[in-house]
Structures are given as C-alpha cells and as structure tokens.
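Spelled out, the chains give:
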Amino acid sequence: MALVWRKLLSTLNTQPLNSSLFLYGHPLVRCCSSYVSQMRYLTVLKEDDDACSKAQASGKFLLFHNLAPLLQKEGHEGYSAPLFAAADVKGILGKLGQSDNILETSVLIGYSQDSETQFALDLGILEMNDLDHHFCGTFVELRKAFFLLRRQDIPLVFRSQALLRWHQTHQYCSQSGKPTERNRAGSQRICKSNGNIYYPQMAPVVISLVSDGTRCLLARQKSFPKGLYSALAGFCDIGETVEETVRREVAEEVGLEIESLWYTGSQHWPFPNSSLMIACHASVSAEKSQITINDQELEDARWFTADEIKRALERKKLPREQEAGVIPIWVPPRTAIANQLIQEWINKQSK
Ligand SMILES: NC(=O)C1=CN([C@@H]2O[C@H](COP(=O)(O)OP(=O)(O)OC[C@H]3O[C@@H](n4cnc5c(N)ncnc54)[C@H](O)[C@@H]3O)[C@@H](O)[C@H]2O)C=CC1
Ligand SMILES: [Mg+2]
C-alpha cells in the first residue's frame, strides 16, 4: 500500500497540480467507489503539503476560539456547527483588519459527500471582541456544546477539537526538547533535529454495561452532575486487551467477576483528553451479583431494574426539580455511547 502511494505522489510531483480537483480526478483516486476515492484523496492530502495547501484555498472551515466551537441556532433542531467557505473566512478576517495567513494553521478533518475538503481552524490568537457576531454564531465551551449540538454534527466537532488541542499541547519533541513542526494537513509533527515523527494520540477506554440477567449496573463519580448514573468506564493499561480491561475495571470498581462480554460499538470522547471509548456488554451470574464499591473511584453504584432504566431514559433534559426530596436518576444523552449501551440492554429486556 505504501508503495502505491509513493508511486501516486511521485506521479503527482512530476505533473502540474492546478487544483485539488486534479488530484481527486487521478486514476488511482477516481477508479473506485466514492467512499474509497474519498479516503484515498484524504491520504494524499496528508502526505502532500502542496496538494493540501491547494485544497485549503477552496476548503470549508469549522471554526473554534480557544478550542470552543462556533455554534449557530437551527430552529427547533438545536444548534449546528457551520462550515464556512475559505473565501467567507478570508472576507471576515479582512473586515477585521486581520491577515488570512491564519488559515494555514487549520487542520484537515475530512472530505464530505458534497466534495468539500473540510478543515478546522482555531481563531484563538484573535481577540474575541465581536468575532462571534461577525460569524453569526457563538463560541461555546465543548462540554456545553455537547448538550446543545445536533447529533449529526458532534463527531466532526469532537474530532476537530481533539486534533487542534493535540497540536496546541504537543509542540516539542520529548527526546530532543526542540520544537516540532507540523505538516500542512496537521496529521503529524516532526522533530527536524532527530527525525522523530509524532502522530495525534488518543487513549483507549472501555465502557461496560454489566447485567445480571434482569438488572443492569450503573454508577456515578463524585464529579458527575447530580442524579447522573452511567456505565462503568476505565482506561486500558498498557499491554492489556479490551477483554482484560473490562474484567479488571469491573473487579476494581464494583468487586464483581464477569462471566462473558461482547463488543457493541465505539465513540471518540474528547473529555478530558482524547479517548476512544470501546463499548461492551458484560454479564455476571445473578448468584454472584453482590457489589462492593471502590469509594476512591465511585460515589455510588447500583443495580437498576428495566422499569427504573426506562424512566431514566425518558428524562430528556437534566432534571432540575427534586422529586419529594429525591434527585431523579438520569443517564447520559443519546449522543453518548453509554446511552446506546443502556438502550440496547432495554431493547433486549423487552424481547
Ligand atoms: N460516556 C460516559 O458515560 C462516561 C465516560 N467516561 C469517560 O471515560 C474515561 C475514563 O473514565 P474513568 O472512570 O475516569 O477512568 P478510570 O476508572 O481508569 O480512572 C481514572 C484514573 O485512571 C488513571 N489513568 C490511567 N490511564 C489514564 C489516562 N490515559 N488518562 C487519564 N487517567 C488515566 C488515573 O489515575 C485516573 O485518575 C474518561 O475519559 C471519562 O470522561 C467515564 C464515565 C462515563
Ligand atoms: Mg472508572
């Protein structure tokens, strides 16, 4: 595969590259299904700074200010994270008396079905003043944006913020201590003094919904908002398999030994740093379901019946009211993989 790409890039380097469309029209990129072409096109942009630079000139930009995404109100649907054409961003920067060189600090984040090359740009070096007003939106801190954004916009916003943050926090070589330089796409950083290449990182985390057949186990950390319960989560230790992490985390946090587990899905999770949340269902026998909570990690953990879970799923908003002095239980929103796990468990109970 690497050889194929080297060949493609050497062909491109010997031909005039007038626009990114030329690249997208290249036989190796064009010959395949649209998805394959898109992925190959993105690979070329990551490898070739000139091609990426040309794509940037006609690209679409998701905007951030100090890692807070720009949101626009979308009627009843909630908020969207709009993509601005390069010309519009340049126009607004011009009005504000700012140079458009800042576009070069953007990072490549995708290629849409509408043939738009997408970039994320952090305008944090500019004073906020009425910056958001010029872009007809509001820059909103990511945790708050997570609750406001339309579901379909969340993955791109999460990915963009993670990549922008990685560049902001990984500017030096950990071996030489010298500054590293990014490639145009922002898919890697290199230390010119020793050739070390750094790629964006994320930590694997397992999130497990444990069931004893008729009940499922949810827990809360002290830092969670009041009443919020979720599935058990934990970082993978180095060298561990996903299965080993699930077994260890469940044992550590609630003192149970699981009998079986199965993978169901995954999600990129940007809080507090980039994690890949790997979601699994796990089962314990009803006879061995006595929990002992590790109070260093958890404030509470409990078994919930299907009826209790159904009621918690129905609470769409953060419960503000207290029901007869008791804080109502609620679970993460549909945009979190924890919700998918809980929903899948309920669906299985109903069958
Ligand atoms: N979507 C959801 O419903 C939930 C998501 N989460 C997420 O899952 C992740 C892990 O959850 P926790 O229960 O806090 O993990 P955890 O149970 O592994 O405990 C956290 C501790 O693990 C250690 N640790 C090991 N590797 C680490 C790493 N790469 N980064 C940070 N700490 C590391 C630290 O000592 C830290 O205090 C977090 O990103 C959290 O935001 C957690 C609970 C629910
Ligand atoms: Mg944990």
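That block above? That's the structure.
Residues numbered from 1 in each chain as written. Chains lettered and ligands numbered in written order. Predicted model: local features only at pLDDT ≥ 70, side-chain atom pairs only at ≥ 80, totals over all residues. Heavy atoms only, no water.

## A few points about the side chain of aspartate 48
Residue position: aspartate 48 is located in the loop between helix H4 (34-47) and helix H5 (49-57). It turns out aspartate 48 is buried and unbridged, and the closest side chain with the opposite charge, lysine 54, is 7.3 Å from it. For aspartate 48, the side chain forms a polar contact with the main-chain nitrogen of aspartate 50, separated by 2.9 Å. (Helix = DSSP H or I, 4+ residues; strand = E, 2+ residues; numbered from the N terminus. Buried < 20%, exposed > 50% of the residue type's maximum accessible area, 1.4 Å probe, protein only. Lys, Arg positive; Asp, Glu negative; His and termini not counted. Salt bridge = Lys/Arg side-chain N within 4 Å of Asp/Glu carboxyl O. Polar contact = N/O pair within 3.5 Å; in protein donor to acceptor, adjacent residues only side chain to side chain.)

## Observations regarding the coordination of the magnesium ion (ligand 2)
The coordination sphere of the magnesium ion (ligand 2), as far as protein atoms go, consists of Ala233 (O) and Glu253 (OE), spread over 2.1 to 2.2 Å. Of the two residues, alanine 233 is situated in strand E13 (residues 232-235) and glutamate 253 in helix H10 (residues 242-254); the sequence distance between them amounts to 20 residues. Judged by relative accessible area, alanine 233 falls into the partly exposed class, the value being 26%. (Donors = N, O, S within 2.8 Å, 3.2 Å for Na, K, Ca; no water.)

## What to know about the environment of histidine 281
Mapped onto the fold, histidine 281 is located in strand E15 (residues 275-283). With a relative accessible area of 8%, histidine 281 lands in the buried category. The spatial distance from the C-alpha of histidine 281 to the C-alpha of glutamine 188 is 35 Å, given a sequence separation of 93 residues. Aside from chain neighbours lying at most four places away, what touches histidine 281 is Leu209, Ser260, Leu261, Trp262, Thr264, Leu341, Glu344 and Trp345. A polar contact of 2.7 Å, which involves the side chain of histidine 281, links it to the side chain of glutamate 344. (Contact = heavy atoms within 4.5 Å.)

## Concerning the nonpolar core
Of all hydrophobic cores here, the largest spans 44 residues; its most connected members are Ile207, Leu209, Leu218 and Ile309. Those residues in contact with isoleucine 207 that sit more than four places away from it in its chain are Ser230, Ala231, Leu232, Ala233, Met277, Ile278, Ala279, Cys280, Ile337, Ala338 and Leu341. Membership of the second largest hydrophobic core comes to 27 residues, among which are Ala55, Ala68, Ile92 and Leu131. (Core = buried A, V, L, I, M, F, W, Y, C linked by side-chain atoms within 4.5 Å.)

## As for helix H11 (residues 306-314)
Those residues of H11 not exposed but buried are Ala306, Ile309, Ala312 and Leu313. Seen from one end, H11 has its buried residues packed into an arc of 120°, which puts them on one side. (Arc of directions from axis to C-beta.)

## So, helix H12 (residues 337-350)
The end-to-end C-alpha distance of H12 is 20 Å, a good match for the 20 Å that 14 residues give at a rise of 1.5 Å each. Here H12 has its buried residues at Ile337, Ala338, Asn339, Leu341, Ile342, Trp345 and Ile346. Considering only its buried residues, H12 is in contact with strand E11 (203-211), strand E12 (215-220), strand E14 (260-269), E15, strand E16 (300-305) and H11. (Expected span 1.5 Å × (residues − 1).)

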